[in-house]
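# Chain and residue survey
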Amino acid sequence: MNVSIRSAIEGDLDSLVALLGVLFAIEADFRPDPARQRHGLALMLADPERSRVVVANRRDGLVVGMATGQLVVSTAEGALSAVVEDVVVERSERGRGTGRRLVEAIELWARYRGATRLQLLADRENAPALAFYERLGWRRTQLVALRRGGA
Ligand SMILES: CC(C)(COP(=O)(O)OP(=O)(O)OC[C@H]1O[C@@H](n2cnc3c(N)ncnc32)[C@H](O)[C@@H]1OP(=O)(O)O)[C@@H](O)C(=O)NCCC(=O)NCCS
């Protein structure tokens, strides 16, 4: 296989920030800000009990994809739930199963940590991403995302 999935390390930060730049340019709710993205990723790497960052590493050494997961307590579940974010694959590598493997790696970690549910937010206009998640067995909910403050 041309691409392997592994945990991110600090040395990946430049590549991960670049990948998030690609993602945040697609999603209307976000604006790329490399310093903020770097800080957010560093916070996750510093808290491996609660967070997981996985990368897709091509055989030539390039990082060509990523996904993150963070645990929250769900009273609905009476258990942990994992918030999946930052799922992106370099354009030239799409359609080869890498996105699926990244999300599955986060799911495996979350289940191992005791999460009984996974959840995510996707841009309603991002039809390819919605089709991707549907293919992976995710379903839409009735919930609407709200937010206050932030960049
Ligand atoms: C969404 C994204 C991560 C998918 O990554 P990918 O590596 O191309 O996806 P995969 O090749 O692993 O596809 C997994 C499955 O989803 C399906 N799929 C992927 N993209 C699809 C699309 N645009 N339309 C329909 N199905 C799609 C694949 O056919 C595949 O099905 P299979 O496993 O049953 O054969 C990638 O397109 C991407 O980075 N998009 C830009 C960033 C983004 O929108 N991220 C999501 C934010 S919520």
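Before any of the text, the structure's been laid out above.
Before going into details, it helps to say that this report is about the structure given with it. (Residues numbered from 1 in each chain as written. Predicted model: local features only at pLDDT ≥ 70, side-chain atom pairs only at ≥ 80, totals over all residues. Heavy atoms only, no water.)

Our next topic: helix 1 (residues 13–26). When the terminal C-alpha atoms of helix 1 are compared, their 20 Å separation across 14 residues agrees well with the 20 Å that a helix rising 1.5 Å per residue should span. Along helix 1, the residues classified as buried are L13, L16, V17, L19, L20, L23 and F24. One side of helix 1 holds all its buried residues, which, seen down the axis, span an arc of 160°. Exposed residues on helix 1 whose side chains face more than 90 degrees from its buried face are D14 and A25. Tucked into the core, helix 1 has its buried residues touching helix 2 (34–45), strand 2 (51–58), strand 3 (63–74) and strand 4 (79–89). (Helix = DSSP H or I, 4+ residues; strand = E, 2+ residues; numbered from the N terminus. Expected span 1.5 Å × (residues − 1). Buried < 20%, exposed > 50% of the residue type's maximum accessible area, 1.4 Å probe, protein only. Arc of directions from axis to C-beta. Contact = heavy atoms within 4.5 Å.)

Right, let's talk about the side chain of D123 for a bit. You can see D123 is positioned in the loop between strand 5 (115–119) and helix 4 (127–135). Among buried Asp, Glu, Lys and Arg side chains, D123 stands out as unpaired, with R124 the closest opposite charge at 6.0 Å. Side-chain polar atoms of D123 contact the backbone nitrogen of A28, separated by 3.0 Å. When residues no more than four places from it in sequence are discounted, the contact partners of D123 are I26, E27, A28 and L130. (Lys, Arg positive; Asp, Glu negative; His and termini not counted. Salt bridge = Lys/Arg side-chain N within 4 Å of Asp/Glu carboxyl O. Polar contact = N/O pair within 3.5 Å; in protein donor to acceptor, adjacent residues only side chain to side chain.)

In this structure the tally under the stated criterion is 3 aromatic pairs. Arranged with centres 5.2 Å apart and planes meeting at 25°, the rings of F24 and F30 form a pair that is stacked. The structure contains a cluster of three or more aromatic residues connected by ring pairs, namely F132, Y133 and W138. Directly above the aromatic system of F30 lies the positively charged group of R147, at a separation of 5.3 Å from the ring centroid. (Phe/Tyr/Trp six-rings, centres within 6.5 Å; stacked < 30°, edge-to-face > 60°. Lys NZ or Arg CZ within 6 Å of the ring centre and 35° of its normal.)

We now examine the pairing of strand 4. Most of strand 4 sits inside the fold, with 8 of its 11 residues counted as buried. Bridge count for strand 3 against strand 4 is 9 bridges, and the pairing is antiparallel. Looking across to strand 4, one finds that V73 is bridged to L80. Counting the residues between successive antiparallel strands, the hairpin from strand 3 to strand 4 contains 4 residues, one of them, G78, with a positive phi of roughly 65°. Where strand 4 lies against strand 5, 4 bridges are found, and the strand directions are parallel. Directly across from S81, in strand 5, lies its bridge partner R117. A crossover connection joins strand 4 to the parallel strand 5 through helix 3 (residues 98–112); in handedness this β-α-β unit is right-handed. (Pairing = 2+ DSSP bridges. Right-handed = clockwise from strand over helix to strand, strands pointing away.)

What follows concerns the packing of helix 1 against helix 2. Two elements in contact, helix 1 and helix 2, have axes whose closest approach is 9 Å; the angle formed by their N-to-C orientations is 120°. The angle between helix 1 and helix 2 falls in the class oblique. The hand of the helix 1/helix 2 crossing is right-handed. Facing helix 1, whose interface residues are L13, D14, L16, V17, L20 and F24, helix 2 presents P34, Q37, R38, L41, A42 and L45. The residue inventory of the contact of helix 1 with helix 2, partitioned by class, reads 9 nonpolar, 1 polar and 2 charged. (Axes fitted to C-alpha atoms, helices over the stretch in contact; angles between N-to-C directions. Parallel < 35°, antiparallel > 145°, perpendicular 65-115°, else oblique. Left-handed = near helix turned anticlockwise from the far one by under 90°. Nonpolar A, V, L, I, M, F, W, Y, C, P; charged D, E, K, R; others polar.)

A few words on the site of the ligand. Among the 23 residues in the neighbourhood of the ligand, the closest are listed as V87, V89, G95, G97 and N126. Backbone polar atom of T98 to an oxygen atom of the ligand: 3.5 Å apart, as the coordinates give it. Interatomic distance of 2.7 Å between a side-chain N/O atom of N126 and an oxygen atom of the ligand. Surface burial for the ligand is 75%, taken as the share of its 920 Å² of free accessible area covered by protein chains. For the shell around the ligand, the secondary structure elements donating two or more residues are helix 1, strand 4, helix 3 and helix 4. Counting residues per element, the shell around the ligand draws most heavily on helix 4, which supplies 6 residues. (Near = heavy atom within 4 Å. Areas by Shrake-Rupley, 256 points an atom, 1.4 Å probe, with all protein chains shown as cover.)

So far we have only geometry, and geometry alone does not tell us how the molecule works.
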